[in-house]
Amino acid sequence: MRHDHVITSKHLSRADVETVLDRAAEIAADPSAVADRHAGALLGLLFFEPSTRTKLSFETAMKRLGGDVVDMGSVESSSVTKGETLADTVRVIEGYTDALVLRHPKEGAATMASEFVDVPLLNAGDGAGQHPTQTLLDLYTIRENAGLDDLTIGIMGDLKYGRTVHSLAYALSNFDTRQHFISPESLQLPREVVYDLHQQQGGRTGIREHQRLEAVLGDLDVLYVTRIQRERFPDESEYRKVAGEYQIDRETLEAASDDLTVMHPLPRVDEIAPEVDDTEYAAYFEQAHNGVPVRMALLDLLLSEGGVSDE
Amino acid sequence: MRHDHVITSKHLSRADVETVLDRAAEIAADPSAVADRHAGALLGLLFFEPSTRTKLSFETAMKRLGGDVVDMGSVESSSVTKGETLADTVRVIEGYTDALVLRHPKEGAATMASEFVDVPLLNAGDGAGQHPTQTLLDLYTIRENAGLDDLTIGIMGDLKYGRTVHSLAYALSNFDTRQHFISPESLQLPREVVYDLHQQQGGRTGIREHQRLEAVLGDLDVLYVTRIQRERFPDESEYRKVAGEYQIDRETLEAASDDLTVMHPLPRVDEIAPEVDDTEYAAYFEQAHNGVPVRMALLDLLLSEGGVSDE
Amino acid sequence: MRHDHVITSKHLSRADVETVLDRAAEIAADPSAVADRHAGALLGLLFFEPSTRTKLSFETAMKRLGGDVVDMGSVESSSVTKGETLADTVRVIEGYTDALVLRHPKEGAATMASEFVDVPLLNAGDGAGQHPTQTLLDLYTIRENAGLDDLTIGIMGDLKYGRTVHSLAYALSNFDTRQHFISPESLQLPREVVYDLHQQQGGRTGIREHQRLEAVLGDLDVLYVTRIQRERFPDESEYRKVAGEYQIDRETLEAASDDLTVMHPLPRVDEIAPEVDDTEYAAYFEQAHNGVPVRMALLDLLLSEGGVSDE
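Residues numbered from 1 in each chain as written. Chains lettered and ligands numbered in written order. Predicted model: local features only at pLDDT ≥ 70, side-chain atom pairs only at ≥ 80, totals over all residues. Heavy atoms only, no water.

Looking now at the overall build of chain A. Secondary structure assignment for chain A yields 10 helices and 9 strands. What you see for chain A is a C-alpha radius of gyration of 19 Å, in line with the 19 Å of a compact globule of 311 residues. For chain A, the spread of C-alpha atoms along the principal axes amounts to about 55 × 45 × 40 Å. Across the 311 residues of chain A, 60% fall into the buried class. Just so you have it, chain A exposes about 11,900 Å², and 44% of that area is on carbon and sulfur atoms. Between the averaged position of the 29 positive side-chain charges in chain A and that of its 54 negative side-chain charges there is a distance of 4 Å. (Helix = DSSP H or I, 4+ residues; strand = E, 2+ residues; numbered from the N terminus. Rg over C-alpha atoms; globule rule 2.2 N^0.38 Å. Buried < 20%, exposed > 50% of the residue type's maximum accessible area, 1.4 Å probe, protein only. Areas by Shrake-Rupley, 256 points an atom, 1.4 Å probe, with all protein chains shown as cover. Lys, Arg positive; Asp, Glu negative; His and termini not counted. Charge placed at Lys NZ, Arg CZ, Asp CG, Glu CD.)

Right, dumping it as structure tokens:
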């Protein structure tokens, strides 16, 4: 399979993932080697939803490759307010650029948009749908810290609504991993995701669900924490009670392996206490920073050969 | 006449237009020849009104010439909210840049601003006034598709309020063109524009007004469609009735010449059905994309010699 | 003292200031010598408050050094709205960039942020606190027009709330200057600032306060005018009466020395009549433009050696 677009992490095979991560590692080891590699190339940024780190990270990646970006700006300042369709917007902007990055509140937007354009399109999040570059930087961070084979990972927090979590779980199922999902009952993984993961694993039973972190903490190589959002709960007191049980601080981590890597897609609110930041466990800022080499690798592969792999 | 600024298409002679379009064609044929031509040059973007394609197109053009932009950002995030005059704003920002692009809601703003600055200033639309770079890209698209001599063009839609249309009509009157204006009676060309066009044509009767497209469709080389805005009508039902009569779809185009070129300044809403996009007639995305070589040509001429022509 | 960050003008010694101003003068004399000096370097722009000239001026400075910027954008479009702390935001973005510029509404924000990052951080204004790059460009403009030794300067307008004014006064006290402060009684310099200035001057009595410009106008080498804001007054009529007494026009300036330099941090509203703009006195647009070489000098010093001085 050849990818001219990067829309979903579901379509990325193990070989695809490794191609991207290997290239990212090369780039991270010697960024100066690619500093002019895509001089003159332009990346179009189409963010129909607010974003700080994803957008900045793409912009940084393109500039670190010697290229530049053009940014549609906020929806409020664009023609979208005049009733233009997404299809028309992407068709106009693709004519200005060599590749496009799209974030959109509607699931499926990236797939639809990709059908109208000839330049590579990267999905930077489509509503409750996919966010494949986040998944790739998560995988890169896991590989750098704990390896992707014979991995025991705990994924904790809001597992029901978190697209980050679903994408990561699907991608990890291509590797030899044991996945523990830790959440309050009301925020468990959707049953169809659990079913898909079992199918994808070919009958291996690498998936377990828990309501308490203590049950598995000592076994974990990686703990991936996500935010539990207030608006998922009927009232404040219920939220506080639940959220409090899924917070990480130094005391929590006393039961962890010394090699544990703690990750978080950020922004965090109260899920991880600031006192954890200076410990050896904390990898969440490194994880955010890894967005740059990973997106550099993706852009480099798409702009150089027109595809992530050429199997 | 020498142009250090590009404020209005009225001041652009036929020779000026041809200089710009010829340069744009050269650039479009071999963009790599100018990829570093203005390295180090900075273009200031001052958009006091929202814009997607004009702003992105200028930004792309400058970057495709090896230069870069600095963007004032939205009015809400600028000193304008502290009561600064336009004259002060442009005088400050010209000190940072090698050229300025200004869009402003007030007619005449670009003329006024140009009196305060020493760097070249390009008008990217001033209210109901001029939008000369749109006119130049329209002319470029017409020339590429149908030629500018012995041209029969239909201009349809809101002809009363559309600055795009007035600018285009004035510019076309420098060439050997027959212009058909098709609109509901309430949105006809203003009488003074008709008068000016007759004057400019020196008595030739190259101008005709119609209420129905069928009357002339078969004769047209180019059909230029513009949007009819809901807010021009006292009620929704009146709008729907009128707008519906000026929409283009595949059935409409059965009566057209096979060589017809359909243009639209975009964004469109319902004026042209999506089913037209894949036909040979459709040139509106190409038209939007032509904004880049045309603006590259203008910027190149202004930054290289300090003027569009030196007659 | 060595500065890896530029947080406050209080910490800048006379030698530090001269290092920056000398470098700025070199750059202004031959900007082409540094046009590629920091190619590939990225400056992160974190503006938590609106700004036009400071932000554009930093962006221009970085690009004139061959570098580029990545801009967090407005707070509304960022993760800040999801409750992220400033510490987390700067730690993420520092991983993308080689230096950071921060403007924030809270006094002390820059100091706090600088404790979390390894790349140089420049304070572009923190609420009622410091704005050291404004001070440096003010000093540069004064030095170019009147010299910094044996200087008699009048600082007029809102002296109570104006951070620009306080920073400038502190910085000038490192030089041999006589400072006259002219304001309505209700907008006098805070007593603690007066005290600090006396202390800093080591007993020299280089500070005088006045309520009327006429008392000192004839003696001044430089008159630095700031805006008196309507919201400082209980009612409109009181504001009008006071503001009117502190406005400068050609008539006012008849009593000035021919060599007087009039400065203003801009944006101005009514403090200086437009008729003054074309006189030899006016240096406020030059002052705004000086933001570029001064910020180029600072960025160059920070990016080249990791510090403004290495005493």
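Relating one copy of the chain to the other requires a rotation about an axis plus a shift along that axis. With an RMSD of 0.0 Å, the fit of chain B onto chain A corresponds to turning through 120° and sliding 0.0 Å along the axis. On the angle and the small slide along the axis, the relation comes out as a three-fold axis. Mapped onto chain A, only 5% of the interface residues of chain B again fall at the interface, so the copies present different surfaces. (Least-squares fit on C-alpha atoms with pLDDT ≥ 70 in both. Contact = heavy atoms within 4.5 Å.)

Let's shift gears to the packing of helix 5 (residues 132–146) of chain C against helix 6 (residues 163–172) of chain C. Residue and element names in this part refer to chain C. The geometry of helix 5 relative to helix 6 is characterised by a closest axis approach of 9 Å and an angle of 55° between their N-to-C directions. Comparing their axes, helix 6 and helix 5 come out oblique. Like other packed secondary-structure pairs, helix 5 and helix 6 cross with a definite hand, here right-handed. From helix 5, Gln134, Thr135, Asp138, Leu139 and Ile142 reach across to helix 6, where they touch Thr164, Ser167, Leu168, Ala171 and Leu172. Taken together, the residues of the contact of helix 5 with helix 6 sort by class into 5 nonpolar, 4 polar and 1 charged. (Axes fitted to C-alpha atoms, helices over the stretch in contact; angles between N-to-C directions. Parallel < 35°, antiparallel > 145°, perpendicular 65-115°, else oblique. Left-handed = near helix turned anticlockwise from the far one by under 90°. Nonpolar A, V, L, I, M, F, W, Y, C, P; charged D, E, K, R; others polar.)

What follows deals with the interface of chain A and chain C. Listed by partner, the interface residues are 21 residues for chain A and 23 residues for chain C. Taken together, the two surfaces of chain A and chain C that pack against each other cover about 1,900 Å², and 52% of this comes from carbon and sulfur. Interface area lost by chain A to chain C is led by Thr52, Leu56 and Arg64 of chain A, which between them contribute 28%. A salt bridge links Asp277 of chain A to Arg91 of chain C, with the shortest nitrogen-to-oxygen separation between them at 3.1 Å. Counting across the chain A and chain C interface gives 12 residue pairs in polar contact (both at pLDDT 80 or more). Residue contributions to the side of chain A that touches chain C peak at 7 residues, all from helix 2 (residues 53–64) of chain A. (Buried area = accessible area lost by both parts, 1.4 Å probe. Salt bridge = Lys/Arg side-chain N within 4 Å of Asp/Glu carboxyl O. Polar contact = N/O pair within 3.5 Å; in protein donor to acceptor, adjacent residues only side chain to side chain.)

Right, let's talk about helix 8 (residues 236–245) of chain B for a bit. All names here are of chain B. Looking only at helix 8, the buried set comprises Tyr239, Val242 and Ala243. One side of helix 8 carries all its buried residues, which in axial view fall inside an arc of 100°. Exposed residues lying more than 90 degrees from the buried face of helix 8 are Ser237, Arg240 and Lys241. (Arc of directions from axis to C-beta.)

Here we take up the domain arrangement of chain A. A common measure of how large an interface is: the accessible area buried when the components associate. Residue and element names in this part refer to chain A. The domains assigned to chain A are domain 1 (14–130 + 289–305) and domain 2 (133–288). The distance between the C-alpha centroids of domain 1 and domain 2 comes to 26 Å. The interface is formed by 26 residues belonging to domain 1 together with 23 residues belonging to domain 2. Summing both partners gives a buried area of about 2,000 Å² for domain 1 against domain 2, and 54% of it is carried by carbon and sulfur. Among the residues of domain 1 in contact with domain 2, Arg14, Leu21 and Asn290 are the three that bury the most area, contributing 30% of the side total. Between the two partners, domain 1 and domain 2, sit 2 salt bridges. Inspection of the region where domain 1 meets domain 2 yields 14 residue pairs in polar contact (both at pLDDT 80 or more). (Domains from an automatic or database assignment.)

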